[in-house]
Amino acid sequence: MVDRFRFQNVAIVGIGLIGSSIALALRAGGFKGPIAIGDRNGDALRVASEIGLGTSYHVSAAKAVAGADMVILAVPVGSMQATGRAIAPSLQADAIVTDVGSVKGSVIEAMAGSLPQSARFVAGHPIAGSEQSGPRAGFATLFAKRWCIITPTPETDQDALDVVADMWRGFGSHIEMMDAERHDLVLSITSHLPHLIAYNLVRTASDMESVAESEVIKFSAGGFRDFTRLAASDPTMWRDVFLNNRVAVLESLGRFSEDLAILQRAIRWGDGDTLYEIFERTRTVRTDVVGAGQDTAAPDFGRPREESSGEETASEEAAEDDAEAAPVSAAR
Ligand SMILES: NC(=O)C1=CN([C@@H]2O[C@H](COP(=O)(O)OP(=O)(O)OC[C@H]3O[C@@H](n4cnc5c(N)ncnc54)[C@H](O)[C@@H]3O)[C@@H](O)[C@H]2O)C=CC1
Ligand SMILES: O=C(O)C(=O)Cc1ccc(O)cc1
């Protein structure tokens, strides 16, 4: 079997949903070396230690990364720059540094301005997660059968990129390479906008509830519940996503608003043909992309396609067998 974990000493900074899932996936994949955990939140560290996610626990990110040859940054996007600056002085020469942030352009810029030349930074983003956060939310199979997008730049070290891609393959993920600008635009419409709309829908429903003194949310149908799961997501993480992917989100939001105005106009003027034609077209698109009659609560945009090249681990082969039996899988 190919060794997917070509490093000896890991540090994970940020031990929330994603950091804890990485720690568990490393152990589940057979990684035997030390895992140093850094988090500025003492409670998160305490929980991580209770669960046994790592081998050492540090409030100081600088102390966590000392001696690591693989450093994984799993903090909110708005904390990446401060974390890069904090770890820079104690990074081992030639250490690989990677991240999992939901926005890529701003993180690449932050790392270029804070890490030393000798560090080898590879930007990554697992398209897998949930509305939950914190170290107790993690689980080892979170990334299995999911995409992980890697966004190289001309400065990216090829060997470091291969090591990071292999790590994600070891977690059962499928790899896609994309430039950061494209990543940020694609994710603005497939992930960031749905979260924004969910937050706003809950807000509007909650305002209506108090204005109309009615129980709008109590009696809301399943559609509301399914659709607004995303609105329970971590506010710090999502504030940071929107502040760091401004241009792409505003572009997607502008298009969305124009399309919404067309629906609004058709409803106002009783234009059933327009409504029917739009709904029929979008139903076809949705069915083609995801499949009919699937669990719509699943974050299916993360469902990977077959990867065409490269050797597969046993877990990848099993994942693909499962994928054939159940084409859309829930994140948990
Ligand atoms: N939640 C999700 O579904 C997904 C999240 N991501 C990305 O992963 C990253 C982490 O997200 P989650 O694990 O969900 O967040 P989380 O809220 O569960 O955990 C984040 C952890 O980072 C720590 N932290 C924050 N600032 C820090 C700093 N300056 N130094 C040290 N520790 C710090 C917090 O105390 C917390 O324990 C984010 O960049 C997010 O965009 C990527 C894919 C999915
Ligand atoms: O909970 C869900 O459905 C998600 O959308 C999870 C998610 C959140 C953020 C990401 O950058 C990637 C995946």
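As the structure is a prediction and not an experimental result, all values here were calculated from the model.

### Here we look at the overall build of the chain
Right, so step 1: Within the chain one finds 12 helices and eight strands.
Right, so step 2: Counting across all 332 residues of the chain, residues that qualify as buried make up 45%.
Right, so step 3: Here the analysis covers contacts within the chain between residues at least 6 apart in sequence; of these, 75% occur between residues at least 24 apart.
Right, so step 4: Taken as a whole, the chain presents about 17,200 Å² of accessible surface, with 54% of it coming from carbon and sulfur.

### Side note on the domain arrangement of the chain
Right, so step 1: Once the domains are mapped, the chain shows domain 1 (10-178) and domain 2 (183-293).
Right, so step 2: Computed from C-alpha atoms alone, the centre-to-centre distance between domain 1 and domain 2 is 31 Å.
Right, so step 3: Across the domain 1/domain 2 interface, buried area totals approximately 1,200 Å², and carbon plus sulfur atoms make up 64% of it.
Right, so step 4: Its largest share of buried area at the contact with domain 2, domain 1 owes to Ser 102, Val 103 and Glu 131, together 43% of the area lost on that side.
Right, so step 5: Taken together, the connections running from domain 1 to domain 2 amount to one salt bridge.
Right, so step 6: Taken together, the residues that form the side of domain 1 that touches domain 2 break down as six nonpolar, nine polar and two charged.

### With respect to the layout of surface pockets
A probe matching the size of a water molecule, rolled over the atoms, marks out where space remains unfilled.
Right, so step 1: There is about 360 Å³ of room inside the second largest pocket.
Right, so step 2: Taken together, 16 residues line the second largest pocket, and the ones lying closest to its centre are Met 111, Ala 112, Ala 119, Phe 121 and Glu 155.
Right, so step 3: Among the secondary structure elements, those contributing two or more residues to the lining of the second largest pocket are helix H5 (105-112) and strand E6 (120-126).
Right, so step 4: With four residues, E6 is the single largest residue contributor to the lining of the second largest pocket.
Right, so step 5: Residues of the lining of the second largest pocket, tallied by class, amount to nine nonpolar, four polar and three charged.

### Things to note about helix H10 (residues 246-268)
Right, so step 1: For H10, spanning 23 residues, the distance from its first C-alpha to its last is 32 Å, which sits close to the expected 33 Å at 1.5 Å a residue.
Right, so step 2: Ala 248, Val 249, Ser 252 and Ala 266 are the residues of H10 that are buried.
Right, so step 3: Gly 270 occupies a position one or two residues after H10 and carries a positive phi of about 65°.

Scoring rules and cut-offs
Residues numbered from 1 in each chain as written. Chains lettered and ligands numbered in written order. Predicted model: local features only at pLDDT ≥ 70, side-chain atom pairs only at ≥ 80, totals over all residues. Heavy atoms only, no water. Helix = DSSP H or I, 4+ residues; strand = E, 2+ residues; numbered from the N terminus. Buried < 20%, exposed > 50% of the residue type's maximum accessible area, 1.4 Å probe, protein only. Contact = heavy atoms within 4.5 Å. Areas by Shrake-Rupley, 256 points an atom, 1.4 Å probe, with all protein chains shown as cover. Domains from an automatic or database assignment. Buried area = accessible area lost by both parts, 1.4 Å probe. Salt bridge = Lys/Arg side-chain N within 4 Å of Asp/Glu carboxyl O. Nonpolar A, V, L, I, M, F, W, Y, C, P; charged D, E, K, R; others polar. 1 Å grid on protein atoms, 1.4 Å probe; cavity = no way out; pocket = protein on both sides within 12 Å on 5 of 7 lines; lining within 4 Å. Points joined across faces, edges and corners; volume = space filled by probe spheres on them. Expected span 1.5 Å × (residues − 1).

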